[in-house]
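# Structure assessment
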Amino acid sequence: MPALPSFITEPLWDQFHTLLPRRQITHPLGCHRPRVPDRIVFDKLLARLVLGGTYQQHADHRVSATTLRSRRDEWIAAGVFTSLHQAALDAYDQTIGLDLEDLAADGCIVKAPGGGENTGPSPVDRGKSGIKRSLLVEGTGLPIGCVLASANRHDSPLLRPTLETLGRFGLHLPDKITVHLDSGYDSRVTRDLLTELGCGWRIAPKGAFVPINHTRRWVVERTNSWHTRGFKSLAIVTDRSSVVQAAWVALASAVIIIRRLIREAWVIFRWDTRPARRP
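Attention here is on the structure that accompanies the text. This structure is a prediction, so every number in the text was calculated from the model and none was measured.

A word on the packing of aromatic side chains. By the definition in use, this model includes 5 aromatic pairs. Centre to centre, the rings of W13 and F42 are 5.3 Å apart; their planes meet at 45°, and the pair counts as tilted. On the criterion of sequence distance, the pair formed by W13 in helix 1 (residues 6–19) and F42 in helix 2 (residues 38–51) is long-range, its members being 29 residues apart. For W13, a relative accessible area of 10% puts it in the buried group. An aromatic cluster is present here, built from W13, F16, F42, W75 and F81 joined pairwise through their rings. Positioned above the aromatic ring of Y55 is the side chain of R48, whose terminal nitrogen or guanidinium carbon lies 4.2 Å from the ring centre.

Looking now at the nonpolar core. Ranked by size, the top nonpolar core spans 66 residues in total, and within it F16, W75 and F81 carry the most contacts. Considering every element that reaches this core, the biggest residue donor is helix 10 (residues 242–269), with 13 residues. Once residues within four sequence positions are removed from consideration, F81 is found in contact with F16, L45, R72, W75, I76, A247, A250 and L251.

Conventions used here
- Residues numbered from 1 in each chain as written.
- Predicted model: local features only at pLDDT ≥ 70, side-chain atom pairs only at ≥ 80, totals over all residues.
- Heavy atoms only, no water.
- Phe/Tyr/Trp six-rings, centres within 6.5 Å; stacked < 30°, edge-to-face > 60°.
- Helix = DSSP H or I, 4+ residues; strand = E, 2+ residues; numbered from the N terminus.
- Buried < 20%, exposed > 50% of the residue type's maximum accessible area, 1.4 Å probe, protein only.
- Lys NZ or Arg CZ within 6 Å of the ring centre and 35° of its normal.
- Core = buried A, V, L, I, M, F, W, Y, C linked by side-chain atoms within 4.5 Å.
- Contact = heavy atoms within 4.5 Å.

Here's what the structure looks like:
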């Protein structure tokens, strides 16, 4: 049984395939061993993203664990995962439209039992090794950017690099942007940063209970839940390299955006919901 339904994997693979670099054959006779098809490796990496586990558990007679890791590193070096995330955002923006006027950011701590880069003692897991994802989402909850850090880092210092991920849109940003944050960001430093960046803000005050459904920041909580509950490799991080950790986040974010794009397009453009034409 596939890890993801075909209506998600097929358009995802179509875009992913176009981003793959042209392979250079350097053998003097051009007679290397037959290369494992990229589609097989892509499906295996998707399965590991969703189901977690080791590379050995996902290897079989068609592809080895070594090939999975080497092809993964090859695609990371070519920037394919980052480009896939950007292509998914561009497709959604052209078809439905991104809400970049209202943004939300928040941190999420997950387990990292193997340690490695971007890991540190988790304050919510008895000091065990963990990793923090500082996530930025647009108004409806689609992930825009993510910064990885050790679990014991505070959310507030991570806000600047998190907001700087908006640079992926270049000059195509609205004139007025409002950032929605929880009480962990309620400080003068945060307000000075947002003023410097020309952003407005809605920050939950410290010491006051504000129901999350009364704010616009509930969407980032939902997206953090999608990451941790929908993708086991993001809930328990076993990769030690920071570039590999970031690649998994980018791939998961692309899956989330494509899934939302398909659902929104179905509701908006299907025949039975189109407005009746006037005579």
